[in-house]
Each structure stands twice: as structure tokens, then as C-alpha cells.
Amino acid sequence: DMKLGTETIRERLSREKGPQYWRSLDELADTAEFREFLHREFPREASVWEDSFSRRSFLKVMGASLALAGLSACTKQPQEKIVPYVKQPEILVQGKPLSFATAFVMGGFATGVLATSHMGRPTRIEGNPDHPAGLGATDVFATASILTLYDPDRSQVVMHDRSISTWEKFYQQLQIELEVQKSLKGAGLRILTETITSPTLASQLRELLSQYPQAKWRQYEPVNNDNVLEGAKLAFGEPVQTQYRFEKADVILSLDADFIGQGPAHIRYARDFANRRRLKGERADMNRLYVAECMPTVTGSMADHRLRARPSDIESLARAAAATAGVSAITMPQLTDHDARWISEAVKDLRRHSGGSIIVPGIHQPPIVHALAHAMNHALGNVGRTVVYTDPVEANPVDQMESLKTLARDLDAGNVDVLLILGANPFYSAPADLKFAEKLAKAKTSVHLGLYEDETASVCRWHIPESHYLEAWSDARAFDGTATIMQPLIAPLYNSKSAHELLEEFLGRSSRKSHDVVQDHWKSKVPGNDFEKFWETSLNNGLVEGTALPVKQVALKPPKDGWKFTREGNRGLEIAFRPDPTIWDGRFSNNGWLQECPKPITKLTWDNAAFLSPSTAQRLGFATNDVVELSLQGQTLKMPVFIQPGHADEAVTLHLGYGRTHAGNVGTGVGVNPGLLRSSESMWVAGGVEIRKTGETYKLATTQDHHSMEGRPIVRAATVEEFEKEPAFAKEMAHVPTQEQSFYPRREYDGYAWGMTIDLNACTGCNACVVACQSENNIPVVGKEQVALGREMHWMRVDRYYKDEVDNPEIYNQPVACQHCENAPCEVVCPVQATSHDAEGLNVMTYNRCVGTRYCSNNCPYKVRRFNFLQYSDTETETLKMMYNPDVTVRNRGVMEKCTYCVQRISAARIESKKEDREIRDGEVVTACQAACPAQAIIFGDINDKQSKVTGMKEDPRNYGLLAELNTNPRTSYLAKLRNPNPELHD
């Protein structure tokens, strides 16, 4: 009984004394399923173990297990051929990787990256420290883009009417169509793109429009800046782009803005925000974050005060905040006493820090909320300090929804003879009410350029395979306008073209390649004598100096007709549409790394769901895994329910990107498409949805209960006030045995002693470290069925804990990998010494020696060792072979594996230091997880070096070892989490 279960959970929490950290509602309810998963590491396969087993029976079964373990480890290794160069290129050194600066583009905006190449094969993506959008960090999308490059499902040939064709036939047909359009001045030509910031591509499109003056360029992207630009127009009378200086902000109010987890600048913002959460010794001078949102997000998990609010209620909260902040002509809306007090105290805090505060609106919120945020930032004196404005970064800033509607009307009217679609997938992503699939068929000739033969490609006359960004020359701008010239690292794996090359065909210049197109564009911007130096410098640095957009002065112009409400009345149960944290808008559906990456907060993999609050689910009688039917404006959709603590009541959140029908072998048929309920008038929020239980159930694969530590004190947290009273509070929470109390002898390390510290105050739980580790260490995906059995292979996981109440708990994130214990419990139980300690303190694995007993995993209190139950690694697909990092072994069935502190990187640094006859410098070894982390929460180094950064962090009073009371003496330690609540709201 759902009602009884929820009430029992609340009652149980109310009886507990002291802080209570928990992972899931199942754990709190102590369900039979949870107990089964907790006490049996492999539940279904472990059913043979019964308490009635005698000692003789136990030894018989274990004898068989040992014999089978030895056999399973004898997986046949794939044959490999070594072919030498006839003439080795001078730039290549055997075994030494090279890095090249380029940019990863998402939503039109660039993030600077360094692509690592092994013998001409790109194998890893890391951040470019010089690029303003990332400052050396990456996110899950950029890191996983290397898998997309080698995806065997990528489009490989020209398709005509869903049959394989040739470039020659396409060119012939294209020339015929263009000749007709020349006589019509392009009246029947339409181009549809996603958001474009590329200076070169924009220049080509404008040249095409000049050749065909009656042609039209339309834009549409499922997650766009429409509300941002329209909100700026409402506030200032012109479209401008907003940039925030979080490193200067003392108090921040987020109005449904996940600025740490989403957006063109979220990596940079995560760094700037985290820098204001760091402490110096026992001094706490932290910023304070208020977040009002519907579905818990990465940003919400970092909040000092989080307010649950339905999407449509954000406007009322913004109005109340604006009226309190001193914005004129605002009528105070009706709020509940709780919400009114929350807003009142938050704005008082903002006013106390005028000039050092920020109000951030979410891109999903209507223009009026953005305009109110601009007005508040002006009223609080933040403009020019923590908030600045520039011209739009987009090459052609337009209302993309209106642009798509105009194209739909042209198609309906039969006015489109030639439709060119560059990268977009409107068949799948356009609002359902536009019925774009039907309209696409009305174009006489349609040409689609894309990485995959997706839904749009399936209905276009021609489909052209697109080159991956690592295969082609291009350029793009970052959130602040900084341009990057993107260089390829590998020749196209298939006979593909870039958008530049396809546009050259439309311009009648078929012989020009993308390199020439991009270079010629920049030659027109730089004097001839200086161009070669400019070109080489820009390629080397990964950015074009001086291209950031200048700060623009704007004047606030309140709307002439006042600050009118855009959402009024009782909307009933609401739907909030949001991009998925790992699949985004569906473009990454075929990326197995991102499908299997546990999503922040929910830890869901391989699916999406209808997220409801515990109270709403209780009222409706729903439980997690129940299938429900959602009805909205005549459209229906079936989805499984996921009960999410911290979710707003009377609202349901649906993540986009799933339910693909033409996504490749990995992504096709995974999840449900919420876009079927989206309309052009309600892209992000829709009221009046009806929901009913179907009686069916659907098993969701979530990792939130995996690797449980059974209630032991894992996360340690306090308020700033508590920390200042007792700085060493984290150490006081557990008794750590002294050396005299230990049975283990003390080890002395004369040379290096590697260690790691993770600052929980900075960690946002974004999962960048998880995917970076997977890419660096050749970690395979296992699929939904195996994840449901608890067999995911990630060497690093990010545990998510809730604290105390069910409806609006505090949220904590904690990355956990192998702790490299000095007194490692895994080493003493391995019968073949496959896991052992090395001279520098690393707990290392000898894969060829492992016979798969799994004793080490059973004896590990941290549950960080992973076993290849099946042949998870793909050693057959030719393109995937090219992706593997050659510095790391590809493991096979029957082998145990785990975090190695990126020992291959330590070895590489050791070799370089020996060649130069010196010690390894502090910071010279950067692990994959550390390199990716946007918040710089992970520090690695030599703890024998008393001047090293990691040693300094281990001397921090918040430093503690995970389960150190077990006398494992872990080399990885943590800095306890602090929150900075407003004393007026702390109750």
C-alpha cells in the first residue's frame, strides 16, 4: 500500500535522532527487494545459497566454483597483427601520444578541448586549460564524443529514397535543381540548421542567400535560447546575451536555472561557483545558493536552501522577489506562507550583498521571468560586476520556434522545392502539433546531412553522411564569443562530408575542401603577412585571440503594458519537459557510455521515466515501476513512474531524448518519447495533464541501491557555523585505530607515495569523472539487463545521499573509487596474488594472473571492484578497436578490475622525469577523473612531498578517510561537506 508505505517512512524518519543519510525510498522502507539486493551480491545467481547448507555441501560447491573460475578466465584472446610503417611520419613517436587543440560543439556553442592521438587515432578528449568555456575541464558529452566517432552505426554512404546511391548521382540531381532555383532567385530553396555560431558556416550561408535572394534560412534546436533572447528584448528592447561572474558572487538566487549542469557555459560556471565554496584552513567564507526548482538538479543538490516549486509557480516567485528587491510597478502575487517567507529572506540576503549577488533565470522559463531577473540584477547593482551583457553569440539570432513554424507553413503551401537540412532532426524533435514528418514529405527535393540515418533522414529524398568534428575542419564560438578553429585528427572513416563541403556544392565550388573554406574565411580577417603566424598560433592554442565579444552597456526599459502575468489560474497537474542529463535532446541516444552513465540525482540508466514527488505519488496511488498513461490535449503516452524525493508536488517531469525509432542499434527503441506530448505553444511546461494507472509494470535499471555500505557514516557534513565551532568534526565521527592497535605492520615509502583527496564541498555530482575514467581505461558497457543485476563496470561511481526528510531532503554527492588502502582487505584473500601492493602504495591488479574467485570483491568494504561476468569488451568491431587507449589493457571475461590511480599516467611521468634526471613535479601526474572535473574537486599527488597540493588538502581539518575505522588506512581521503544556510531560514 503506497499510502501506508510513505507514512511509515515519514514516521520512521521522525523517530530517528541526529542526521539520517539514505539512498532511496526502498532503503528507508526496508523492502524485501532491497534486503535481497543488499545481502546477496548477485541476487538471482546467488539463490543456490541457503542457510541449510552443510559444511560439506559448501566445500563441494566452492570447489566447483574455483574450478569454473579458472576455466572462465581462459577466454581466448583476440588475434592482433602488428604491421610496421614503411616510412614512419616524423611527428609520430612509437608509444608517445600527441594532443591537438580543437573544440566540441553542442547546441551551437563551443567548448575547447584537447584531443589525444595515439599513432594517428584519437583516443581521448580532455579540456583545454586556455579555453574560457572549460578552463581545462569537460563534461560527459564532450568526453563521450570519442565513442560517437568510432560508432559503427554512423552513416557511411549516400542514400537516395532509402537506397544506397553515389555522390555522382547526388551531384547531378543537385545541379538540375539548382539551375531551376537560379531562374527563380531561390524562391523554392529553404535551409534548416540548428543554432550556428561558426563564423565560416554563417558566411557561407549568407553567400548562398546572396546568390539566391529569395531563399530562406530557418533555424531550430529542441533546446534553444528563445526565452533568453525574448526576455532580453522585453527588458532592454534588444536581444543580448547574459554572462555571469559567479566567482564574484556572495549570494545567488536560481529561478529554475541548472547553471552548473546545463548551458553553453556550465563547465566554466561550475568552476567559478566551486571556487567560492572552498575553504582556507579553518576560515569559512563561502557563497550562499538559493534554488527554486521542480525536479532536483545538479545545481539544486548544491543549494544551501532549496524550494520545491512547480514550473508555473516560478513566475510568481520571480514577481515576489522583484517586488521585494525594489523593482517598480510589480504587484505582489499570492504565495503560501512558507514560500513568501523563503523569498523574503532570500531577497533580504541578496540586498545585503548588493553588487555581489546574482539572480539567474532558467532557459525553460518564459521571457517574463528572464526580464524580471534582469530588472532585479539592475535594482541590486549587480550589472557590470557579477552580471554583464554582450551581443548574441549566435550568427543569426532568431525566434527558433517561429522560424520552424514559418518553414512548416511553407511546406504546407507547397512553396519548398529544395530543402537542405544541416544536422537537425525535426522529424523527431519538432513539437507534435506541427506534424513535421508529414510536412517534410511535401518538399519536392529534400537533402539531409547528419551523422546518423535518423528519423528525418528516413523521410528525406537524399541523406548525406556527415563528418564527425574530429574528421573535419570548422570553427565555432564559445559562450563569450571566443572563436576556435577546429582541426581534424583523423581522415574521415567513411565517405562523408562536412557542412562546409556540402554548402560548397550548393555554391557551385565542388573542389573546395573544408580546410580551404575555413582558412580562406580567416584570411579575410587577418592581414596577409601575419596570417601564417596567426593560423599556427590559433591552432596551437585552440582559440583565436581577441574574438571574445566586448561587454555591452544596456538600459532597462520596463514593458510599456506592465509586467503582465503569462500563466494564470489553476493549471492542475503540470508537465515539465526537460533535456535528459546524459542523452540531452536525443542526439546521444546511440552512445552506450551515456546511456549507461547513471544520471545525477536519480541514478537511472538506459531509460527515462515520469518523475513524481512522494506526496503526489501517494495521492495517486503510484509506486516506482508502475506504468501510467499521460493524456494531454488529445495525445496519450505510456511511461513508467519513478518516485523522486525533492520533486515538486502536483507536477511530473519528463526527460526528452528517448523513444527514438532511427537511432542505431544502441539507442533505437530505448525509453519513451515525451515529445509526443509537446506542442509549439507549451514547449517546456504544460498544464492540465491527466494521469492514470494502467496496471502494468516496467522494470527500471537504477544504480542507487547498488554497492550499499549498510548505514555506516559515509558522507560527513556540517553547517559553516558547526564547522567554526569544531573544525575537525569529520574526524570526530569515527574511531580510527592507531598503529599500536593494528595487526598490520607499518609500510615505509622512501620514494613516491601516491594519494588522492576529494573535496565534497566542490563536487557537484555531474559524472564527468565517471565517463572520463571509462574513456581512459577502456571500460565497457554491459547493457540494461546487466546493470539491473548490479554488474555495471564503472571504476568510479558517484554516490548520491539524501538527508532526513522525504519530501525535500538535502542532497549530497560522493565520488567513490578504489581507496588504495595501505591495509587492503582485498590483498590478503586473493589466492593467486593477482591484487597486490606496489612500492609506491598503489593497490595494483595483474589481470593475467586473476582467476576470478571474486574473494577480493567480497572482502572490499567499499564495493569498488568490478568483475567481467561476460565478455563485455568488444574486441571484434574494427572501428571500436581503434578507440581503445593502447596504454591500458582491454580486459576479458573472468577478470576482476578496478581503479588504478591511472598508473599508466604515473609511468609516463616517471619515464619523462628519468630522461630529464629529476623528480616528478607536483601536478605533473593528473588522473583522468581529476582532469575532467569542472569543479576541481579531485586532487592527486605525492603525499611524501610535504609541499604538494594533495598533502595540504590532507592536512585540512575537514579531511577524513572513508570507513577508516575499519583500519584499512585508505590513500584516498575526503574533505567533509559544508553548507552555508541563512540563519533566518535554517529551521
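From a predicted model like this one, the values you see are computed outputs, not experimental measurements. (Residues numbered from 1 in each chain as written. Predicted model: local features only at pLDDT ≥ 70, side-chain atom pairs only at ≥ 80, totals over all residues. Heavy atoms only, no water.)

(A) A look at the environment of Asp161. In this structure, Asp161 sits in the loop between β5 (159-160) and β6 (163-164). Taking the C-alpha atoms as reference points, Asp161 and Cys460, separated by 299 residues in sequence, lie 7.2 Å from one another. Of note is the side chain of Asp161, whose polar atom sits 2.6 Å from the side chain of Arg461. (Helix = DSSP H or I, 4+ residues; strand = E, 2+ residues; numbered from the N terminus. Polar contact = N/O pair within 3.5 Å; in protein donor to acceptor, adjacent residues only side chain to side chain.)

(B) How the structure looks around the packing of helix α5 (residues 140-149) against helix α24 (residues 768-776). At a closest axis distance of 9 Å, the pairing of α5 and α24 adopts a crossing angle of 20°. Looking at the two axes, α5 sits roughly parallel to α24. The chirality of how α5 crosses α24 is left-handed. Only Ala768, Val771, Ala772 and Ser775 of α24 make contact with α5, whose side of the interface consists of Val140, Thr143, Ala144 and Ile146. Tallied by class, residues from the contact of α5 with α24 come to 6 nonpolar, 2 polar and no charged. (Axes fitted to C-alpha atoms, helices over the stretch in contact; angles between N-to-C directions. Parallel < 35°, antiparallel > 145°, perpendicular 65-115°, else oblique. Left-handed = near helix turned anticlockwise from the far one by under 90°. Contact = heavy atoms within 4.5 Å. Nonpolar A, V, L, I, M, F, W, Y, C, P; charged D, E, K, R; others polar.)

(C) Looking closely at the sheet that holds strand β39 (residues 972-975). Strand order in this open sheet of 4 strands is β37-β30-β39-β38, and the pairing throughout is mixed. In the strand order of this sheet, the two ends are held by β37 (938-942) and β38 (959-961), each with one partner. Across this sheet, the average inter-strand angle for adjacent strands is 30°, counted without regard to direction. The pairing of strand β30 (residues 754-759) with β39 spans 4 bridges and is parallel. Bridge pairing in β39 places Asp759 opposite Leu975. (Pairing = 2+ DSSP bridges.)

(D) Molecular detail of helix α28 (residues 903-915). The end-to-end C-alpha distance of α28, which contains 13 residues, comes to 18 Å, matching closely the 18 Å that a straight helix rising 1.5 Å per residue would cover. Along α28, the positions that sit buried rather than exposed are Gln904, Arg905, Ile906, Ala909 and Ser913. Elements in contact with the buried residues of α28: β4 (121-127), β30, α24, α29 (928-932) and β37. One or two steps after α28, the chain reaches Asp917, where phi turns positive at roughly 55°. (Expected span 1.5 Å × (residues − 1). Buried < 20%, exposed > 50% of the residue type's maximum accessible area, 1.4 Å probe, protein only.)

(E) The packing of aromatic side chains, seen in detail. Using the criterion set out here, one finds 25 aromatic pairs in the structure. Measuring from ring centre to ring centre gives 5.3 Å for Phe170 and Trp462, while their planes differ by 65°; the resulting arrangement is edge-to-face. Placement of Phe170 in helix α6 (residues 167-183) and of Trp462 in strand β17 (residues 462-465) is noted, with a sequence separation of 292 residues between them. As far as the burial class goes, Phe170 and Trp462 line up, both buried. Connected via pairs of aromatic rings, a cluster forms that spans Tyr244, Phe246, Phe259, Tyr269, Phe273 and Phe479. Between Lys497 and the ring centre of Trp167, over which it is positioned, the NZ or CZ distance is 5.2 Å. (Phe/Tyr/Trp six-rings, centres within 6.5 Å; stacked < 30°, edge-to-face > 60°. Lys NZ or Arg CZ within 6 Å of the ring centre and 35° of its normal.)

(F) View of α24. With 9 of 9 residues buried, α24 lies mostly within the body of the structure. Among all positions of α24, only Ala768, Cys769, Val770, Val771, Ala772, Cys773, Gln774, Ser775 and Glu776 are buried. Two residues or fewer past α24, Asn778 is found with a positive phi of approximately 55°.

The values reported here are purely geometric and, on their own, carry no functional implication.
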